[in-house]
Amino acid sequence: KSKEISGNSYHFFSSGMDTRTFEIVKFENALYKALDQNELMIYYQPQINYETNTIVGVEALLRWNHPTEGMVSPDEFIPIAEETGLIVPIGEWVLRNACLQIKEWHRKGFPLISVSVNLSVRQFEQDNLFGMVKSILKKTELAPEYLHLEVTENQIIKNSDITLKTMEQLKGLGISIAIDDFGTGYSSLGYLKNFPISTLKIDKSFVQDIIQDEDNAAITNTIITLAQNLHLNVIAEGVETKEQAEFLAARSCYLMQGYYFSRPMKAEDIAELYLSCGVN
Ligand code: C2E
Ligand code: MG
Ligand code: MG
Ligand code: MG
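The structure presented is a predicted model; accordingly, all values stated were derived computationally and were not measured.

Conventions we followed
- Residues numbered from 1 in each chain as written.
- Chains lettered and ligands numbered in written order.
- Predicted model: local features only at pLDDT ≥ 70, side-chain atom pairs only at ≥ 80, totals over all residues.
- Heavy atoms only, no water.
- Near = heavy atom within 4 Å.
- Polar contact = N/O pair within 3.5 Å; in protein donor to acceptor, adjacent residues only side chain to side chain.
- Areas by Shrake-Rupley, 256 points an atom, 1.4 Å probe, with all protein chains shown as cover.
- Helix = DSSP H or I, 4+ residues; strand = E, 2+ residues; numbered from the N terminus.
- Nonpolar A, V, L, I, M, F, W, Y, C, P; charged D, E, K, R; others polar.
- Axes fitted to C-alpha atoms, helices over the stretch in contact; angles between N-to-C directions.
- Parallel < 35°, antiparallel > 145°, perpendicular 65-115°, else oblique.
- Left-handed = near helix turned anticlockwise from the far one by under 90°.
- Contact = heavy atoms within 4.5 Å.
- Salt bridge = Lys/Arg side-chain N within 4 Å of Asp/Glu carboxyl O.
- Buried < 20%, exposed > 50% of the residue type's maximum accessible area, 1.4 Å probe, protein only.
- Donors = N, O, S within 2.8 Å, 3.2 Å for Na, K, Ca; no water.
- Core = buried A, V, L, I, M, F, W, Y, C linked by side-chain atoms within 4.5 Å.
- Phe/Tyr/Trp six-rings, centres within 6.5 Å; stacked < 30°, edge-to-face > 60°.

Draft legend 1. Quick peek at the site of ligand 1. In the region of ligand 1, 25 residues are neighbours, and R63, N118, D180, E240 and Y259 sit closest. Within the side chain of Q208, a nitrogen or oxygen atom sits 3.1 Å from a nitrogen atom of ligand 1. Y259 is positioned with one of its backbone polar atoms (N or O) 2.8 Å from an oxygen atom of ligand 1. Protein coverage of the free-state accessible area of ligand 1, which is 800 Å², stands at 87%. Counting residues per element, the ones that place at least two in the shell around ligand 1 are strand 2 (54–66), helix 2 (74–84), helix 3 (87–107) and strand 6 (176–182). Among the elements that take part in the shell around ligand 1, strand 2 stands out by supplying four residues, more than any other. Residues belonging to the shell around ligand 1 are distributed by class as follows: ten nonpolar, six polar and nine charged.

Here's what the structure looks like:
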């Protein structure tokens, strides 16, 4: 019997875990400091209306400029921020700074674009998400119609009672809510009826293959039709080529975001883009 619990393999497993835990704790501590030490920054990616050829909004995308690791992708640190609860202060920071930035552009006379901010489910579990959002809008003086919040299907399902209540309050204020990465999460469509959603965001994994892959083209077509039938807005993310943009436009999906138009950029670069186009 005792042979089965081999001393060696036990030791191997345990030391492996220790190293991993150590790395995570180190990473967590660094993330704690990141907020205080101004290592977090927001990039903005334009959202285009392809029909009118205008920028209608930007999505705020978090970046961590780590002192030794360089730019760390949000896919790497958001999960840890969620696990530790750090996403609550970080999410609040993103929201406040994104609203401040957009309001500043409005004040400068740039076109009245909106800002989309990603929310994590942990933020719906926090004490008073609605109160926090409301007070940020008040302090920054950004009109609620210019704030869009993005959540994923799984997040909605996970804590549906509290999420529904908060979403209704947010909608009551005039904020609109988009389902991010639509089509990749929980497959029950019933929530589209019950939740105050205004936009479906087609996941980039479908968009990227619409030209080559019939299945992805079919899924994209279906999402566009679903949105149209439910009177929801639809935006495609991850548009990288003209062919993809034309495919979407041919199906009346004009709202697009992707590298074909622009990568996420620093706020200064967005401002420069506007100034070089002769706005103001
Ligand atoms: P997301 O909200 O679905 O954002 C879209 C992601 O696709 C972004 O990745 C963006 O840079 C990338 N993208 C845009 N256009 C293209 C394209 O044409 N091709 C390709 N291959 N990618 C494109 P990013 O910035 O690395 O963010 C990854 C994810 O991290 C986001 O996915 C979002 O879920 C999360 N995230 C980012 N910022 C925040 C935040 O402030 N709060 C929370 N909770 N999550 C955030
Ligand atoms: Mg998003
Ligand atoms: Mg997405
Ligand atoms: Mg995503």
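Draft legend 2. Seen up close, the packing of helix 5 (residues 129–140) against helix 7 (residues 160–173). Close contact between helix 5 and helix 7 brings their axes to 9 Å; oriented N to C, the two are set at 20°. When the interaxial angle is binned, helix 5 and helix 7 end up roughly parallel. Handedness of the crossing formed by helix 5 with helix 7: right-handed. Packed against helix 5, whose contacting residues are L129, F130, V133, K134 and L137, the element helix 7 presents T166, Q169, L170 and L173 at the interface. A breakdown of the residues in the contact of helix 5 with helix 7 according to their chemical character gives six nonpolar, two polar and one charged.

Draft legend 3. Just the pattern of salt bridges, in detail. According to the stated counting rule, one finds eight salt bridges in the structure shown. Taking the shortest distance from any N to any O, the salt bridge between E125 and R122 comes out at 3.6 Å. Of the two residues, E125 and R122 both sit in helix 4 (residues 121–125), three residues apart, roughly one turn of that helix. Its relative accessible area of 28% is what places R122 among the partly exposed residues. The salt bridge partner of E237 is K201, with a shortest N-O separation of 3.8 Å. Remark: K201 occurs in strand 7 (residues 199–202) and E237 occurs in strand 8 (residues 233–237); sequence separation between them is 36 residues. A single burial state applies to E237 and to K201, both of which are buried. Members of the salt-bridge network, linked through shared partners, are E59, E150, K201 and E237.

Draft legend 4. The arrangement of the environment of L61 in detail. Examined against the element boundaries, L61 turns out to sit in strand 2. Dropping the residues within four chain positions of it, L61 is found in contact with M41, I42, Y43, Q45, N118 and P264.

Draft legend 5. Inspection of the coordination of the magnesium ion (ligand 3) at higher detail. Those protein atoms acting as donors to the magnesium ion (ligand 3) are D180 (OD), D181 (OD), E237 (OE) and E237 (OE), and they sit at 2.0 to 2.5 Å. One chain supplies every donor for the magnesium ion (ligand 3), spaced along it as D-D-x55-E. Between the magnesium ion (ligand 3) and the magnesium ion (ligand 2), both coordinated by D180, there is a metal-metal distance of 4.2 Å. In this pair, D181 sits in strand 6 while E237 sits in strand 8, placing the two residues 56 residues apart along the sequence.

Draft legend 6. Here's a closer look at the nonpolar core. Ranked by internal contacts, the top residues of the largest apolar core, which has 75 residues, are Y44, W105, V115, L147 and L248. Considering each element in turn, this core owes the most residues, nine residues, to helix 3. Ignoring anything within four residues of it in the chain, the contact list for W105 reads Y44, V58, F110, I113, A267, I270 and A271.

Draft legend 7. How the structure looks around the packing of helix 3 against helix 5. One can describe the packing of helix 3 onto helix 5 by two numbers: an axis separation of 9 Å at closest approach and a directional angle of 30°. Viewed along their axes, helix 3 and helix 5 adopt a mutual orientation that is roughly parallel. Judged by the sense of rotation from one axis to the other, the crossing of helix 3 with helix 5 is right-handed. Judged by residue contacts, E92, L95, R96, C99, L100, K103 and R107 of helix 3 engage M132, V133, I136, L137 and T140 from helix 5. Residues belonging to the contact of helix 3 with helix 5 are distributed by class as follows: seven nonpolar, one polar and four charged.

Draft legend 8. Representation of the packing of aromatic side chains in the model. The tally for this structure, following the rule as stated, stands at seven aromatic pairs. The interplanar angle of 70° and the centroid separation of 6.0 Å between the aromatic rings of Y50 and F261 together place this pair among those described as edge-to-face. Linking Y50 in the loop between strand 1 (40–49) and strand 2 with F261 in the loop between strand 9 (255–257) and helix 12 (267–276), this pair joins segments that are 211 residues apart in sequence. Arranged with centres 4.9 Å apart and planes meeting at 70°, the rings of Y260 and F261 form a pair that is edge-to-face. Overall, the relative accessible area of 24% leaves F261 in the partly exposed class.

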